Each structure stands twice: as structure tokens, then as C-alpha cells.
Amino acid sequence: MADTRRQLSLNAFIHPAGHHEAAWRHPLTTPERIFDAAYFQEIARTAEAAKFDGIFFADGPALRSDVEHGPAGTLEPITLLTAIAVATERIGLIATASTTYYEPYNLARLFASLDHISNGRAGWNIVTTGTELAAANFGLDRHPDHGDRYARSREFVDAVVRLWDSWEDDAIQLDRESGIYADKSKIHEINYVGRHLRVRGPFNAPRTPQGYPVLVQAGASDAGRAFAGQYAEAIFTAHQRLSDAQEFYSDIRSRAQRFGRNPDHVKILPGISPFIGDTEAQARELEIEFNELTSPQYGLKQLGSLIGADVLGLDLDGPVPAELLPAAGGATNHSQSRLQVIAGIVEREKPTVRALLHRLAGARGHRVVTGTAEQVADTIEDWFTHGAADGFNVMPPYYPGGLEIFTERVVPILQDRGLFRTEYAGTTLRDHFGLPRPVSQYAGRESAVR
């Protein structure tokens, strides 16, 4: 009899040398390979061997200003995932792409192509670009503000999904005898007109194996939560405490329900960055090793970027100024959800500036768990069974070894506890997440009119 118990979802969030900001300096990593497709294919195969749901890439349309002290610039993720698709068979392939600086038709083609090429494994992490650096790369004098970005994003997703839906599933007839390739009545112009976007359609390719790629979203600001409740099928979020994660989990499920959606079809996946050792002390020693390799200047630039304030003159061994975060929160709309996480750390722990930089160095505000494989598994089980998560985006502090240790030591514990699969039950990313294949919103429309 099949195991019908609720199962974890696990994604490997791939950050080239690792999620710790000093990973590239540690001898356990190979930063010279971060533009080598074979390197990422190897990581993907490690995750697939452990039956992970998917691999996940972040992205941004600008070079970070702090390239001097850390690797910056990456391969374009949809292209890279196409190379990974041909080197793997089952694992999901999730790429980040911005609704701020793409156009709907082009992006719809890229993700539909990835879904066809991978036989139904594509996912789109929907973001609105936060960095001001991007605007000039696209011929703009200023970066759109937070409200305008989310308004455009809603229109963008509506238009893209309509494009993917514009071919009904049975539009292709392939009738050689009659010479009919496709039934034109089952291929629809979408004629989308919004305040920010206009798209006629129809799309120039049929529906993909998944109907359309899984819609993923990251962001916990009010606008981000509203967007997630309406559209997201999987949500990448950052929380330090179980109680905060539980509140977010409950809120998103309630919002989804208010939009008439099944809340079980929204998978909430916090980030977790594990330092794993044979003993807790050994794991802490490894974390200290990485923290000692950090550059304070790099960390201050990262902190300033996250909170939208100039922090370069702060005393590293003095307390974080109490007024810094509230002032930054009122002055910028950049990374609002991450600002909330950082403010929580400062309020609860009263760290020095240096200590805060070390706290953020591991995973930029995501939960860092330092301990044995059993302790990491305990944290995952605790959040999963107490209404805080449907699974996790695993963010190893270093690649490739950090993922290998997680898959070799933590995954078997989760499997022994009946929390995680030992074999894939399906072939698509929707199958792995337990999500239904959507029906084209145009299906039956012509026959209804007739």
C-alpha cells in the first residue's frame, strides 16, 4: 500500500560557491568552476540522487557593486537549467526571472521551452527586481517603486499564464490525411490590456507537459503576501523563529483560500542553511572557520543593500544603532521582507555590528542551523509538523560538499522517519510538489459560444 502521509518537499537552492558569503575563500569550495555548466550538472545529479523536488537558482539583471570582495555575476539561469535538464531525468528546475525588466511574451517562451525540453520540470520564481542598479541597464532614468513593480507583476503573471493557456490541450490534430495540423478554434488570442502591459497573443507553442511551469514566489512584505496568496504555488520565505514561520504559513494559506484556491496547493518552503558536523561542537567550529574568512567591508555593503542605508561608518564592535532599521524601513522599499527579519534579530539579540554581519553571512537572513545531522533533521521535522513549513529550500553554506553531506546524512534520517520520499512518484515538478495540472482557462470557450 502506498504511503499517504504528508511528505516534505526539499529544493537545493544553488548559490555558486555556497550560501555563506566567504564560501569562495574556503578550501572546501571550487569558485573557479562557477561558470562551468558541468559543475552545476554534478550538483543537480547529487540532489536528484537524493530525490529532491527541485533545484533553484536566484538571479538579478545587474552586477553587484561589491564584486571586489566576493564572486558576482552568474550564468543566466534558464539557459543553465536547459543544460542541466539534459543531464538529469526527474529533478525540478526552478529559475528566477524578474517581471520588472522582462517582457511577458519573451519570458513565456523561455519557460515554456524549458518545460518542453525537460518533459515537465520547469518552475518560475517570480520576482520584482529590488536593486536600483538595474534601471540604467535597461535605458531607464529611475527604478520603478515598490507599488508599481507589484502592480506590473500582477499584470505580467496574468498575461504570461494566458499565453501558456492560449492553446487548448487538444489543439494539435496532426491529421496527415486531411492536412490539418491544428484546430484554429482551440488557439486563442488573449488580447490582454492592462495599465502597464498589452499583449495580443496567441502564444507560438502548445501547452507544456505541466500545462504551465510551477509558479514560485519569494517575499513576505504585505504586497508580497498578497501576491503569493493570489498566484504562488510554492513560496520561498525567510524566518528565524518557529512562531514567525507559523504566522506566515497560516496567513498565506488564509489568503489563498480567500482567492478561492485550495491552500494545500500552496507549498511554503523556508530557507535553511545547515552547518553539519559529527558533533555540535565540530559543526560550530566549521561555522567559525567560515565567519573568520568574511570581509567586514563586504558584509557592511551587503547589510547596507539589504536595509537601504549607508552603514559603512559603523563601529564593528559597537552595538547596532537602534534607530538604523526603523529609519531605513521608512526610507526605502528595497528588500522589505528581509528588513523585517534583520530587525527581529537586532531586537531580540542586541548584537554588535560584527556579530550581526556574521549572522547574515551564512544565508542573508535565512535560518542557519548548526549541529549534527540529527539536530538538523529535528529542526526540519519540528517546523514541518507544527504548521510552519511544507518543506525547505536547502541552502548549503558551501558547495558541493555542503549538499553532499546533507544528502548523505540528513536525508536518510528524514526518510527513516517517514517524512521524505525514497523514490519519485511522478515525473514532473508538479508531481513532486503534489500540485494538479491546470486546465487551460480557454478550454471549451469556443464550443460554449457556439
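Since the model is a prediction, treat every value here as computed from it, not as a measurement. (Residues numbered from 1 in each chain as written. Predicted model: local features only at pLDDT ≥ 70, side-chain atom pairs only at ≥ 80, totals over all residues. Heavy atoms only, no water.)

Topic: a nonpolar patch on the surface
On the surface, Ile 172, Leu 174 and Tyr 181 cluster together into a nonpolar patch covering about 290 Å² of accessible area. Along the chain, Ile 172 falls in strand E5 (residues 172–175). Relative accessible area serves as the criterion here: at 32%, Ile 172 is assigned to the partly exposed category. (Patch = residues over 30% accessible without salt bridge, like charges linked within 9 Å, V, L, I, M, F, W, Y side chains within 5 Å. Areas by Shrake-Rupley, 256 points an atom, 1.4 Å probe, with all protein chains shown as cover. Salt bridge = Lys/Arg side-chain N within 4 Å of Asp/Glu carboxyl O. Helix = DSSP H or I, 4+ residues; strand = E, 2+ residues; numbered from the N terminus. Buried < 20%, exposed > 50% of the residue type's maximum accessible area, 1.4 Å probe, protein only.)

Overview of the pairing of E5
Two strands pair when backbone bridges link them, and E5 and strand E6 (residues 180–182) are joined in this way by two bridges, in the antiparallel orientation. Its bridge partner being in E6, Asp 175 is matched across the sheet by Ile 180. Connecting E5 to the next strand, E6, in antiparallel fashion are four residues, including Gly 179 with a positive phi near 80°. (Pairing = 2+ DSSP bridges.)

What to know about the packing of aromatic side chains
Enumeration according to the criterion identifies 18 aromatic pairs in this entry. Considering the side-chain rings of Tyr 39 and Phe 40, the 4.9 Å spacing of their centres and the 70° angle between planes classify their relative orientation as edge-to-face. With a relative accessible area of 3%, Phe 40 lands in the buried category. Their ring planes at 50° and their centres at 6.1 Å tell us that Trp 383 and Phe 392 sit as a pair that is tilted. Using a relative accessible area of 3% as the deciding quantity, one classes Trp 383 as buried. The class of Phe 392 is buried, set by a relative accessible area of 1%. (Phe/Tyr/Trp six-rings, centres within 6.5 Å; stacked < 30°, edge-to-face > 60°.)

What to know about the nonpolar core
One finds Phe 52, Ile 55, Trp 124, Trp 164 and Phe 406 to be the most contacted residues of the largest nonpolar core, which totals 96 residues. Ranked by residues supplied to this core, first place goes to helix H4 (residues 146–165) with eight residues. Those residues within four positions of Phe 406 in sequence are excluded, and the remaining contacts are Leu 10, Phe 52, Pro 274, Ile 276, Val 376, Ile 380, Val 394 and Val 411. (Core = buried A, V, L, I, M, F, W, Y, C linked by side-chain atoms within 4.5 Å. Contact = heavy atoms within 4.5 Å.)

Re the confidence of the model for the chain
Counting all residues, the mean pLDDT for the chain is 92, and 95% of those residues have values of 70 or more. Every residue in residues 327–334 is under pLDDT 50, and counting partners more than four places away or in other chains gives 13 contacts. (pLDDT = per-residue confidence, 0-100.)

Details of the pattern of salt bridges
Applying the stated rule across the entire model yields 24 salt bridges. Across the salt bridge formed by Arg 33 and Glu 42, the nearest N and O atoms sit 3.0 Å from each other. Salt-bridge contacts for Arg 359 lead to Glu 349; the nearest nitrogen and oxygen are separated by 2.8 Å. Of this pair, Arg 359 sits in helix H11 (residues 353–361) while Glu 349 sits in helix H10 (residues 336–349), and the two are ten residues apart along the sequence. Shared partners join several salt bridges into a network, and the residues in it are Asp 165, Asp 169, Arg 207 and Arg 437.

A word on the environment of Glu 404
Within the secondary structure layout, Glu 404 lies in helix H13 (residues 401–416). Sequence spacing of Glu 404 and Ala 47 is 357 residues, and the spatial spacing of their C-alpha atoms is 8.2 Å.

Thoughts on the packing of helix H5 (residues 222–231) against helix H6 (residues 242–258)
Close contact between H5 and H6 brings their axes to 8 Å; oriented N to C, the two are set at 50°. Accordingly, the angle class assigned to the pair H5 and H6 is oblique. As H5 runs across H6, the sense of the crossing is right-handed. On H6, the residues touching Asp 222, Arg 225, Ala 226, Ala 228 and Gly 229 of H5 are Glu 247, Phe 248, Asp 251, Ile 252, Arg 255 and Ala 256. Here the contact of H5 with H6 is composed, by residue class, of five nonpolar, one polar and five charged. (Axes fitted to C-alpha atoms, helices over the stretch in contact; angles between N-to-C directions. Parallel < 35°, antiparallel > 145°, perpendicular 65-115°, else oblique. Left-handed = near helix turned anticlockwise from the far one by under 90°. Nonpolar A, V, L, I, M, F, W, Y, C, P; charged D, E, K, R; others polar.)

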